[in-house]
Amino acid sequence: MNKKDFVGAVAEKTGLSKIDAKKSVEAFFETVEEAVKKGEKVSLLGFGSFSVVKKAARKGINPKTKKTINIPAREVVKFKPGAGLQKL
């Protein structure tokens, strides 16, 4: 399912027009993105939670040259599914 299909499904389930459903979906994405960029955890009961985790620096191997490289520390977004999604 891509974004267009998702918006269509939301429109069908809510009775909204596709334009209004698209605005709602985009507002959801923007809200989650803004919160995560601030370092906040977004928890949606029954669905899951989005959070930022810090990954430590580590050594890696360039598969092309087989040389050891240093991978810097960074922050990544993590999604942990809630009970509703884990029962699939």
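Our structure's up above, just so we're on the same page.
Cut-offs used in this document
- Residues numbered from 1 in each chain as written.
- Predicted model: local features only at pLDDT ≥ 70, side-chain atom pairs only at ≥ 80, totals over all residues.
- Heavy atoms only, no water.
- Axes fitted to C-alpha atoms, helices over the stretch in contact; angles between N-to-C directions.
- Helix = DSSP H or I, 4+ residues; strand = E, 2+ residues; numbered from the N terminus.
- Left-handed = near helix turned anticlockwise from the far one by under 90°.
- Contact = heavy atoms within 4.5 Å.
- Nonpolar A, V, L, I, M, F, W, Y, C, P; charged D, E, K, R; others polar.
- Buried < 20%, exposed > 50% of the residue type's maximum accessible area, 1.4 Å probe, protein only.
- Polar contact = N/O pair within 3.5 Å; in protein donor to acceptor, adjacent residues only side chain to side chain.
- Pairing = 2+ DSSP bridges.
- Phe/Tyr/Trp six-rings, centres within 6.5 Å; stacked < 30°, edge-to-face > 60°.

I keep staring at the packing of helix α1 (residues 3-14) against helix α2 (residues 18-37) and nothing clicks. Help me out?
In a pair of packed helices, the angle between the axes and the distance between the axes together describe the arrangement. Two elements in contact, α1 and α2, have axes whose closest approach is 8 Å; the angle formed by their N-to-C orientations is 115°. Considering the relative orientation of α1 and α2, their crossing is right-handed. Together, Lys3, Phe6, Val7, Gly8, Val10 and Ala11 of α1 and Lys18, Ala21, Lys22, Val25, Glu26 and Phe29 of α2 make up the contact between the two elements. Broken down by class, the residue content of the contact of α1 with α2 amounts to seven nonpolar, one polar and four charged.

Would you explain the environment of Asn2 in this entry?
Tracing the backbone shows Asn2 in the segment before α1. A relative accessible area of 45% means that Asn2 is categorised as partly exposed. Among the polar contacts listed, one links the side chain of Asn2 to the backbone nitrogen of Lys4, at a separation of 3.1 Å. Side-chain polar atoms of Asn2 contact the backbone nitrogen of Asp5, separated by 2.9 Å.

Can you help me understand the pairing of strand β4 (residues 68-71) in this one?
Two faces, one strand: in a regular strand the side chains alternate between the faces of the sheet. Two strands pair when backbone bridges link them, and strand β3 (residues 58-61) and β4 are joined in this way by four bridges, in the antiparallel orientation. Paired with Gly60 across the strands is Ile69, a residue of β4. Linkage of β3 to β4, two consecutive antiparallel strands, is achieved through a turn of six residues, within which Lys66 is found at a positive phi near 65°.

In this structure, what is going on with the side chain of Ser51? I would like to understand it.
Within the secondary structure, Ser51 is located in strand β2 (residues 48-55). With residues near it in sequence (within four places) discarded, Ser51 still touches Lys41, Val76, Val77 and Lys78.

Would you take a moment to explain the packing of aromatic side chains for this structure?
The relation between two aromatic rings is expressed through the spacing of the ring centres and the mutual angle of the planes. Under the counting rule described, the total for this entry stands at three aromatic pairs. Ring plane angle 55° and centroid distance 5.6 Å describe the contact between Phe47 and Phe79, whose orientation is recorded as tilted. Of this pair, Phe47 sits in the loop between β1 (42-44) and β2 while Phe79 sits in strand β5 (residues 74-81); the two residues are 32 residues apart in sequence, bridging distant segments of the chain. A relative accessible area of 38% means that Phe47 is categorised as partly exposed. Judged by its relative accessible area of 34%, Phe79 is partly exposed.

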